[in-house]
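# What the coordinates show
Chain by chain, the residues:
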Amino acid sequence: MTHETTRRTVLLATGATSVAALVAACGGGGDDSGSESTSSPTGEGATSGPGGGVLANIDEIPVGGGKIFKDEKVVVTQPEQGRFKAFSAICTHQHCLVGSVSDGTINCPCHGSKFKIADGAVAHGPATRPLPAEQITVEGNSIRMT
């Protein structure tokens, strides 16, 4: 029996490959693979991880803004001079890693959700739940996870 490649076979194979690629690109699962952050872990001499390592120096967090720490999956903000807050960097909508902090909001690149830097509350959907708070301490010029 010989197998001929028909137009239908080619179209079905192409369609299945396209759907697989689309599903992989969009995610939809609980992981954040494929998400990117515009910020990286802090620079010179800082350590992080379990045990309350240093995330950043206070001068790395702009007033009215913040910085995303991709490896720790946390975003640290400074809504007012000298007042620091930290939140999960995982969007509560589809679990993407947030991508930027600007104009008083923490912004998710996946579907456009925005969260307020002062309390993590939803400023713009589709997310309906705030970003969970994370615990930090400020010791001298250092911000540490607790």
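You'll find the structure just up there.
Analysis parameters
- Residues numbered from 1 in each chain as written.
- Predicted model: local features only at pLDDT ≥ 70, side-chain atom pairs only at ≥ 80, totals over all residues.
- Heavy atoms only, no water.
- Helix = DSSP H or I, 4+ residues; strand = E, 2+ residues; numbered from the N terminus.
- Buried < 20%, exposed > 50% of the residue type's maximum accessible area, 1.4 Å probe, protein only.
- Areas by Shrake-Rupley, 256 points an atom, 1.4 Å probe, with all protein chains shown as cover.
- Core = buried A, V, L, I, M, F, W, Y, C linked by side-chain atoms within 4.5 Å.
- Contact = heavy atoms within 4.5 Å.
- Pairing = 2+ DSSP bridges.
- Disulfide = S-S within 2.5 Å.
- Polar contact = N/O pair within 3.5 Å; in protein donor to acceptor, adjacent residues only side chain to side chain.

### Regarding the overall build of the protein
Helix and strand content of the protein: one helix and ten strands. The secondary structure elements of the protein, listed N-terminal to C-terminal, are α-β-β-β-β-β-β-β-β-β-β. The 146 residues of the protein split such that 34% are buried. As displayed, the protein offers around 8,700 Å² of accessible surface, 52% of which is attributable to carbon and sulfur atoms.

### A short note on the nonpolar core
With 16 residues, the main nonpolar core has Ile68, Val75, Val98, Val101, Ile106 and Phe115 as its most contacted residues. Listed in part, the eleven residues of the second largest apolar core include Ala56, Phe69, Val74 and Val76.

### Let's talk about the environment of His93
Relative to the assigned elements, His93 resides in the loop between strand S4 (83-88) and strand S5 (100-102). By relative accessible area, which is 26% here, His93 ends up partly exposed. Separated by 34 residues in the primary sequence, His93 and Ala127 place their C-alpha atoms 4.5 Å from one another. When neighbours within four sequence positions are excluded, His93 is seen to be in contact with His111, Ser113, Pro126 and Ala127.

### Describing the environment of Leu97
Note on placement: Leu97 falls in the loop between S4 and S5. Judged by its relative accessible area of 1%, Leu97 falls in the buried class. Leu97 sits 27 residues away from Lys70 along the chain, and the two C-alpha atoms are 7.6 Å apart.

### Remarks on the pairing of S4
Pairing geometry for strand S3 (residues 74-80) and S4, over five bridges, is antiparallel. Bridge pairing links Glu80 to Arg83 in S4. Joining the antiparallel neighbours S3 and S4 is a turn of two residues, in which Gly82 adopts a positive phi near 80°.

### A short note on the state of the cysteines
Per the counting criterion, the structure on display carries one disulfide. Linked covalently through their sulfurs, Cys96 and Cys110 form a disulfide whose S-S length is 2.1 Å. Looking along the S-S bond of the Cys96-Cys110 disulfide, the torsion reads about -110°, which is the left-handed sense. In this pair, Cys96 sits in the loop between S4 and S5 while Cys110 sits in the loop between strand S6 (105-107) and strand S7 (114-116), placing the two residues 14 residues apart along the sequence. Residue Cys91 stays outside any disulfide, its sulfur separated by 3.9 Å from that of Cys108, the closest cysteine. Accessibility expressed as a relative area gives 6% for Cys108, which makes it buried.

### Brief notes about the environment of Ser113
Tracing the backbone shows Ser113 in the loop between S6 and S7. Put simply, Ser113 and Cys91 are 22 residues apart on the chain and 7.8 Å apart in space, counted from C-alpha to C-alpha. Filtering out sequence-adjacent residues up to four positions away, Ser113 remains in contact with Cys91, His93, Ile106, Asn107, Cys108, His124, Gly125, Pro126 and Ala127. Within polar-contact distance, the side chain of Ser113 engages the backbone nitrogen of Ala127 at 3.0 Å.

By themselves, these are just geometric observations and shouldn't be taken as functional.
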